[in-house]
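Descriptive analysis of the structure
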Amino acid sequence: MLKAVARHLLHYHRWYLSLGVAVTLALLPHRQNPAPNRHLEEVRDRDFLTVVSRNTPTSYYEGRRGPTGFEYELARRFADHLGVSLSMETKSDIASVLQSVASGEGDMGAAALTLAPSRTDLNFSTAILELQPQVVYRRGLPPVDSVDDLVGLEIATIRDSGIGGVLRGLQEEFPELSWREAADLEVADLLQRVEEGELDAAVIFTHQFTLNRLFFPGVDDGVTLGEPLSMVWAFPADYGLGLQREANDFLASLRRDGTLNALIKRYFGQEDYLEYVGARTFIRQLQEKLDDYDDLFRKAARETGFDWKLLAALGYQESHWEPRATSPTGVRGLMMLTNATASEMDVSNRLDPAQSIDGGARYLREMMDRLQEEITGDDRLWMALAAYNVGLGHLYDAQKIAEMRGGDPYAWPDVREALPLLQNRAWYSKVRHGYARGGEPVIYVRNIRRYYEILNYVDRSQQQFFQLNERAESETADDGQQYDRIPPIL
């Protein structure tokens, strides 16, 4: 009898095996074999999209006008595309972002993530941005022009950023290469440590250095390493492909209509208008002189509705915060008021910093209030600053030229292009107020914007790009435990 049963089982073993597999799959949780659009439908049903990110200047942070950052902008647009609200959650390191997404805690990850095909628990979007690894090093060291120059230097990078894999690939050719990886540090922390001499160099992505370099004038750019990596969004693999596919379609539409390129240019394509020496001087004077006047800037800001840091940036551009500054044309004081402007603003003593800052703030407010109501947002502020420099009449002329050239007279980018034409007879002869040194207000405004960026960067508590006070000794003592050292493979 037993032999007969054995023969029966042997004969039909494949059928029983298939039946067993089918029963097992049927009993597994539904998420192991999800409907293709399950995740997308869940997001729409609950009416919000949860995006896991990091609190960094390249991804997501709280700006002066609310949440901002390159990946926040994309995520917000994607949520709008889905017709749902956006919920942002932050993690301290990249590994935690990926784990949160893989476990289903978040719908997707957006934190300068790179494509990781080995992660079977995650799906990834199409490429959003090319990420080129680049060496940055402390000024004063010999130039880092090749991988050979890295051997023997104290180098660090961000763990799980994708750069570690690039360095490991280079280590096969350069076995003496060694570096440190940190999970809890951000790009600005690495740049600070390079500038202060704790590190000789760091490997970050080119776009990250573009965004941060102005704040670290003691750091220079060196050789690029390897081929560019791809910035992607991450999605949980066990929830179907619906949300991922919708994201890919959304990103493709942004590429087609130019929105993606415009955002990339806006966040990472800016020129460095200030020379390193100028940025270094500004940071030094910020530390040494701003405390003498910040209460006056804050008071004037409260009375005129401006951000005090903008007024401080304006004051630095005008006089480098020198209360007795005098120009060859006769403008004087910390905010460099003309006699006529001082009289109009009831400033009796232009060399009194309190009167000068108050008068300059009220004059800027007057420029803002006299602009056309069609000018909105930041464009209104940049045009008011241009008028502070070149005069309202010449600004109106530049608006007219912008319109004649087919541009928008109420958009700062078009007016900015028109202002230098006030130096060209073919154009200034066509407008009311004639010739002006129109290139100056363009430089003037962009310098103030850069000074303002630095002040905002300093003021944001969550961005630790440098401290005005020395770091506590205890923090310094713990620094060595923030890194994992990758040794040579000799």
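Cut-offs and rules
- The residue numbering used here restarts from 1 in each chain and proceeds along that chain's sequence as written.
- Per-residue local features of the predicted model are confined to residues with pLDDT of at least 70, and side-chain atom pairs are confined, for both listing and counting, to 80 or more; whole-chain, interface and lining totals are unaffected and use all residues.
- Only hydrogens and water are removed before side-chain values are computed, so all heavy atoms of the structure are retained for them.
- Candidates for patches are residues over 30% relative accessible area with no salt bridge; among them, like charges are joined within 9 Å and nonpolar side chains (Val, Leu, Ile, Met, Phe, Trp, Tyr) within 5 Å.
- Per-residue and other accessible areas were derived by the Shrake-Rupley procedure at a 1.4 Å probe size, with only the shown protein chains allowed to occlude residues.
- Throughout this description, the term salt bridge denotes a Lys or Arg side-chain nitrogen within 4 Å of a carboxyl oxygen of Asp or Glu.
- When charges are counted, Lys and Arg contribute as positive and Asp and Glu as negative, whereas His and the chain ends are disregarded.
- Positions of charges follow a simple convention, taking NZ of Lys, CZ of Arg, CG of Asp or CD of Glu.
- Helix and strand definitions follow DSSP, with helices as H or I runs of at least four residues and strands as E runs of at least two, each counted in order from the N terminus.
- Only protein chains enter the calculation, and the probe is 1.4 Å; a residue is then buried if its accessible area is under 20% of its type maximum, exposed if over 50%, and partly exposed in between.
- Two strands qualify as a pair provided that DSSP identifies no fewer than 2 bridges between them.
- UniProt positions are given in the numbering used here, feature names are shortened, and annotations may be inferred rather than shown by experiment.
- We call two residues in contact when some of their heavy atoms are within 4.5 Å.
- Axes here mean lines fitted to C-alpha atoms, for a helix over just the part in contact, with angles spanning 0 to 180 degrees between N-to-C directions.
- Any Phe, Tyr or Trp ring, taking Trp's six-membered ring, that has another such ring centre within 6.5 Å forms a pair; planes under 30 degrees apart are called stacked, those over 60 apart edge-to-face, and the others tilted.
- Note on criteria: charge over ring means Lys NZ or Arg CZ within 6 Å of the ring centre, with the direction from the centre no more than 35 degrees off the ring normal.
- Note on terminology: angles under 35 degrees are roughly parallel, angles over 145 are roughly antiparallel, angles of 65 to 115 are roughly perpendicular, and the others are oblique.
- Note on convention: the crossing is left-handed when the near helix lies turned anticlockwise from the far helix by less than a right angle, right-handed when the turn is clockwise.
- Only Asp, Glu, Lys and Arg are considered charged in this grouping, and only Ala, Val, Leu, Ile, Met, Phe, Trp, Tyr, Cys and Pro are considered nonpolar; every other residue, Gly among them, is considered polar.

Our focus in this paragraph is a negative patch on the surface. A surface patch of like charges, here negative, comprises Asp145, Asp148, Asp149, Glu173 and Glu176. In this fold, Glu173 is placed in helix H6 (residues 163–173).

In terms of burial, strand S1 (residues 48–53) is largely enclosed, as five of its six residues are buried. Across six bridges, S1 lies against strand S4 (residues 85–90) in parallel orientation. Paired with Thr50 across the strands is Ser87, a residue of S4. Two strands pair when backbone bridges link them, and S1 and strand S5 (residues 108–114) are joined in this way by two bridges, in the parallel orientation. Bridge pairing in S5 places Val52 opposite Gly109.

When the UniProt feature table is mapped onto this chain numbering, "active site" (unreviewed entry) sits at Glu318. With respect to the element layout, Glu318 can be found in helix H13 (residues 308–319). Look past the residues within four positions of Glu318 in its chain and what remains in contact with it is Leu334, Met335, Met336, Tyr388 and Tyr444.

For the rest of this paragraph, the subject is the sheet that holds strand S9 (residues 155–158). Read across the open sheet, the six strands follow the order S12-S8-S11-S9-S10-S14; overall the sheet is mixed. Looking at strand neighbours, the two that pair on one side only are strand S12 (219–224) and strand S14 (483–486), the edges of this open sheet. Adjacent strand axes in the sheet meet at a mean angle of 30° when their direction is disregarded. With five bridges joining them, strand S8 (residues 133–138) and strand S11 (residues 201–205) adopt antiparallel strand pairing. In the sheet register, Tyr137 faces S11, and the bridge partner there is Ala201. Taken strand by strand, helix H7 (residues 187–196) contacts S8, S9, S11, S12 and S14, and its axis lies near 155° from that of S11.

This structure, assessed with the given rule, holds 13 aromatic pairs. Ring centres of Tyr267 and Phe268 lie 6.3 Å apart, and the angle between their planes is 50°; on these two criteria the pair is classed as tilted. Given the relative accessible area of 9%, Tyr267 is considered buried. Assessed through its relative accessible area of 9%, Phe268 is described here as buried. An aromatic cluster is built from Phe282, Tyr316, Trp321 and Tyr451, whose rings are joined through pairwise contacts. Directly above the aromatic system of Tyr239 lies the positively charged group of Arg38, at a separation of 4.9 Å from the ring centroid.

With that settled, consider the packing of H13 against helix H20 (residues 439–459). Following both chains from N to C, one finds H13 and H20 inclined at 130°, their axes separated by 8 Å at the closest point. With respect to H20, the axis of H13 lies oblique. In terms of crossing hand, the pair formed by H13 and H20 is right-handed. Residues Lys309, Leu310, Ala312, Ala313, Leu314, Tyr316, Gln317 and Glu318 of H13 lie in contact with H20, whose contacting residues are Tyr444, Asn447, Ile448, Tyr451, Tyr452, Leu455, Asn456 and Asp459. Broken down by class, the residue content of the contact of H13 with H20 amounts to 10 nonpolar, three polar and three charged.

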